[in-house]
Amino acid sequence: MILLLLNLSEHFTNGNKTCVKDEEKSLEWWKTAVYYQVYPRSFKDSNGDGIGDLKGIEEKAEHFKDIGVDCVWLSPIFKSPMADFGYDISDYNMIDPVYGTMDDFISLQKKLQSLGIKIILDFVPNHSSDEHEWFKKSVDKIMPYKDYYVWRDGKCDDNSSITPPNNWQSLFSNSAWTWNKKREQYYLHQFDRKQPDLNYRNKDLVKEMKNNLRFWLDLGVDGYRVDAVPFLFEHPDFLDDIRKPEELAKKEKNTYEQYYHPYTMDLDETYDMISQFRDVMEEYKLRDGKTRVMITEAYTSMENTMRYYGDETSLGAHMPFNFGLIDRLNEYSNATKFNEAINNWLDNMPEGKCANWVIGNHDNPRVATRFGGEMVDAMNMLNMLLPGAAFTYMGEEIGMSDTVIRWEQTVDPRGRNAGPDGFRTLSRDPARSPYQWNASANAGFTVSSSKPWLPVNPNYWKLNLDAQRKQHCSHYTVYKRLAKLRKTRTVQRGSFDGRELSQWVYAFTRSLPSAETYLVVMNVGSEDERVDLSNWPTLEKDQTWLVHTPSVNSQYSIGYSLKTNGFTLRPKSAMVLCNKRHPSSSSSTTPSISPSSLVFPVAMFVVALSFILANP
């Protein structure tokens, strides 16, 4: 009877939540999270030197909680000479003084943890700085560092001059080889000349890099975004790359884009190395059951990207970044293009894997620049409500746009290498301008007497977080509603159905049996569009929809009723519709327990308790 009492007590405590709990166990945090990318130099400067830092991020940490972020991803904060602003690392296990100290990092981590927010770091495995101790020892041929980097003898040309080993080009333009006088050999750098490529055919180097991962995992980070993974291995024969047809090659200002790269990208060994990195993540999961997420960055073909998920015999990344909403879409894309960009990922993703969506980052023009400010909310709706994880680049929640950077203000090495005539096309500086907090001097990023490391966008006086917080309807308020909507069972677990309703109207549903259905409708064109949902097979013919979240440029307000058989959308506007009058009442992943459902368990509990008391 005591056993019966315990069982009834469990039933009484949990009611009908048990199946929900079992369901939730299979849905790990990283699959539904909103990841918020912070580019530390540009987020918030706490000490007045014009450069963002860890204390500045901690100062503004409540913003992450406010907008519904689950995980903060920090671009590199490690010790660096800053030739590529942190992607040239001279010590993987130290914080660069410009960002603060290790104590500052621990303090930030604790602050985020107190807010229920996880933290992941950048891991930059392809290269280090030429100021790293490993490289200095490699130059001197000190073991075991002699072959930690990719060294090659030069070739003699017809004039008996030493030339690079082959025609490989840097992604930042010009030769990928630099001569080292002391060692009298060339070293490979697929990025800046101060970023020598590491040699992953050296087992000692591989051990060192895995230990770099463990260092920060031991400090409690929740995972990594792994940078530039396609370039980890090169063909051992160092064959010349293939030049594109001349009519194509001559159009490219960046010499890297003048060639195809079969010998420096996407080699089979790369995928095995990613699997080895994943094994390090799994070591920690085995200890405490908590997943450390690994996300890979690879601008490559769809086929090669999908290989990063791993296969039946070896684990890969939890998610390779999905850049389809960046690479495949622009302000001229119609509904067909949107449909194709979304389905291209979902149709190719291996069964059982988790999708993810990215609309911006530190390497690409901002959403408001690529699509125009009118499309900011529509793109955030896509990013946040499609199935899977969502990545937000800082500032997208308020619709920040790229700023104009003059040649003399340009600091990005990719832009500098392109020269005065080509920097506007290749520089990444415009998307890295400081965060616009308020309308004060320097947008509140740094003190008024300081000069920010990059110019603040001149529109900061009107486009800033403080102003949008005070507005009834703004990009900020829309983003917050979308983040809250992501917590519903429908968005986290529901099915997806996307359709082109006309040339310029794209729509998709997220639905789940016995829960609300959400319908996102977007007019991606430049004219008013009539929307008719009556031919959608799975929707009721005479359904009434309620506006859950309208874009700031929508003519409809929250709670407005619309019929399936027709309504009008303004150009570039979008809406989230719901088929229930009170969608917020069912937003929790845990169903409420009605009083009537407790009658039987309570009665049985009383009977059992009476029996025990009568029979001690």
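The protein is annotated in an unreviewed UniProt entry as alpha-glucosidase from Acyrthosiphon pisum. The annotation that UniProt attaches to the protein under Sequence similarities (unreviewed entry) is "Belongs to the glycosyl hydrolase 13 family." According to its UniProt record, the protein has this under Catalytic activity (unreviewed entry): "Hydrolysis of terminal, non-reducing (1->4)-linked alpha-D-glucose residues with release of alpha-D-glucose."

Examining the overall build of the protein
Secondary structure summary: the protein contains 20 helices and 25 strands in total. Split into buried and exposed, the 616 residues of the protein put 56% on the buried side. A fraction of 69% describes how many contacts in the protein between residues 6 or more apart in sequence connect residues 24 or more apart. Approximately 26500 Å² of the protein is accessible, and the part contributed by carbon and sulfur atoms is 50%.

Describing the packing of aromatic side chains
Counted under the stated rule, the structure contains 43 aromatic pairs. Geometrically, the ring pair formed by Tyr145 and Tyr148 is edge-to-face, given 4.9 Å between the ring centres and 70 degrees between the ring planes. In this structure, Tyr145 and Tyr148 share a single accessibility class: buried. An aromatic cluster of three or more residues is present, and its members are Trp29, Tyr35, Trp73, Tyr299, Phe321, Phe323 and Phe391. The ring of Trp453 carries the charged tip of Arg41 above its face, separated from the ring centre by 4.4 Å.

Looking at the packing of helix H8 (residues 203-218) against helix H10 (residues 268-288)
At their nearest, the axes of H8 and H10 sit 11 Å apart, and the two run at 35 degrees to each other. Between H8 and H10 lies a crossing whose hand is right-handed. Where H8 approaches H10, its residues Val206, Lys210, Leu213, Arg214, Leu217 and Asp218 are matched on the opposing element by Met273, Gln276, Phe277, Val280, Met281, Glu283, Tyr284 and Arg287. Considered class by class, the residues forming the contact of H8 with H10 number eight nonpolar, one polar and five charged.

Considerations on the sheet that holds strand E22 (residues 544-550)
If you trace the six strands from one edge of the open sheet to the other, you get E18-E19-E20-E25-E22-E23, paired in antiparallel fashion. Two strands close off the open sheet at either side, each with one partner strand: strand E18 (495-500) and strand E23 (561-563). If you compare each strand with its neighbour and ignore which way they point, the axes differ by 30 degrees on average.

Describing the environment of Ile274
Relative to the assigned elements, Ile274 resides in helix H10. A relative accessible area of 1% means that Ile274 is categorised as buried. In this structure the C-alpha to C-alpha distance between Ile274 and Thr296, which are 22 residues apart in sequence, comes to 8.5 Å. Among residues more than four places away in sequence, those in contact with Ile274 are Val229, Leu232, Met294, Thr296, Tyr308, Gly316 and Ala317.

Focus: the confidence of the model for the protein
The share of residues in the protein with pLDDT of 70 or more is 90%, and the mean pLDDT across the chain is 91. pLDDT under 50 marks residues 1-24. Its contacts with residues more than four places away, or in other chains, come to 27 contacts. Across residues 582-616, where pLDDT falls below 50, the model places 36 contacts with residues more than four positions away in sequence or in other chains.

Digging into the pattern of salt bridges
Scanning the model with the defined rule gives 30 salt bridges in all. Here Lys285 and Glu28 are joined by a salt bridge, their closest N and O atoms 3.6 Å apart. You can see Lys285 sitting in helix H10 and its partner Glu28 sitting in the loop between helix H2 (18-25) and helix H3 (29-32), a full 257 residues away along the chain. Residue classification places Lys285 among the partly exposed residues on the basis of a relative accessible area of 27%. The residue Asp84 makes a salt bridge to Arg428 at a minimum N-O spacing of 3.1 Å. With Asp84 in the loop between strand E3 (78-79) and strand E4 (91-95) and Arg428 in the loop between helix H16 (413-426) and helix H17 (465-469), this pair connects stretches of sequence that are 344 residues apart. Just as Asp84 is buried, Arg428 falls in that class too. Put simply, Asp84, Asp363, Asp412, Arg428 and Arg432 are held in one network by salt bridges that share partners.

Considerations on the pairing of strand E10 (residues 185-188)
Burial along E10 is two-sided: Gln185 and Tyr187 facing one way and Tyr186 and Leu188 facing the other are all buried. Hairpin connection from strand E9 (residues 177-180) to E10: four residues lie between these consecutive antiparallel strands, with Glu184 at a positive phi of about 60 degrees.

Concerning a nonpolar patch on the surface
Residues Ile242, Leu248 and Tyr260 make up a contiguous nonpolar surface patch of roughly 270 Å² in combined accessible area. The topology assignment puts Ile242 in strand E12 (residues 242-243).

Remarks on the sheet that holds E10
Strand order across the open sheet formed by three strands is E6-E10-E9, with antiparallel pairing between neighbours. Edge strands, defined here as strands with exactly one partner in the open sheet, are strand E6 (151-152) and E9. Relative to E10, E6 is paired through two bridges, and the arrangement is antiparallel. Directly across from Arg152, in E10, lies its bridge partner Tyr186.

Structural notes on the packing of helix H15 (residues 376-385) against helix H18 (residues 475-485)
Orientation of H15 relative to H18, taken along the N-to-C sense of each, is 15 degrees, at an axis distance of 10 Å. One finds that H15 runs roughly parallel with respect to H18. Regarding H15 and H18, the two cross each other, and that crossing is right-handed. Taking contact as the criterion, the partners of Val376, Asp377, Asn380, Met381, Met384 and Leu385 in H15 are, on H18, His475, Val478, Tyr479, Leu482, Ala483 and Leu485. Grouping the constituent residues of the contact of H15 with H18 by class yields nine nonpolar, two polar and one charged.

Here's the deal with unusual backbone geometry
Residues Met143 and Pro144 are joined by a peptide bond in cis, for which omega reads 0 degrees. Structurally, the position occupied by Pro144 is in the loop between helix H7 (133-139) and E6. With a phi close to 60 degrees, Glu184 is a non-glycine residue in the positive phi region. Mapping Glu184 onto the fold places it in the loop between E9 and E10. For Glu184, a relative accessible area of 55% gives the class exposed.

Thoughts on the nonpolar core
In this structure, Phe64, Leu74, Tyr200, Tyr224, Phe338 and Met522 are the most contacted members of the largest nonpolar core, which totals 119 residues. In terms of residue count, the dominant contributor to this core is H10 (seven residues). With residues near it in sequence (within four places) discarded, Phe64 still touches Tyr36, Val38, Phe43, Ile57, Val69, Val72, Leu112 and Ile117.

The rules behind each value
- Residues numbered from 1 in each chain as written.
- Predicted model: local features only at pLDDT ≥ 70, side-chain atom pairs only at ≥ 80, totals over all residues.
- Heavy atoms only, no water.
- UniProt positions renumbered as here; feature names shortened; annotations may be inferred.
- Helix = DSSP H or I, 4+ residues; strand = E, 2+ residues; numbered from the N terminus.
- Buried < 20%, exposed > 50% of the residue type's maximum accessible area, 1.4 Å probe, protein only.
- Contact = heavy atoms within 4.5 Å.
- Areas by Shrake-Rupley, 256 points an atom, 1.4 Å probe, with all protein chains shown as cover.
- Phe/Tyr/Trp six-rings, centres within 6.5 Å; stacked < 30°, edge-to-face > 60°.
- Lys NZ or Arg CZ within 6 Å of the ring centre and 35° of its normal.
- Axes fitted to C-alpha atoms, helices over the stretch in contact; angles between N-to-C directions.
- Left-handed = near helix turned anticlockwise from the far one by under 90°.
- Nonpolar A, V, L, I, M, F, W, Y, C, P; charged D, E, K, R; others polar.
- Pairing = 2+ DSSP bridges.
- pLDDT = per-residue confidence, 0-100.
- Salt bridge = Lys/Arg side-chain N within 4 Å of Asp/Glu carboxyl O.
- Patch = residues over 30% accessible without salt bridge, like charges linked within 9 Å, V, L, I, M, F, W, Y side chains within 5 Å.
- Parallel < 35°, antiparallel > 145°, perpendicular 65-115°, else oblique.
- Core = buried A, V, L, I, M, F, W, Y, C linked by side-chain atoms within 4.5 Å.

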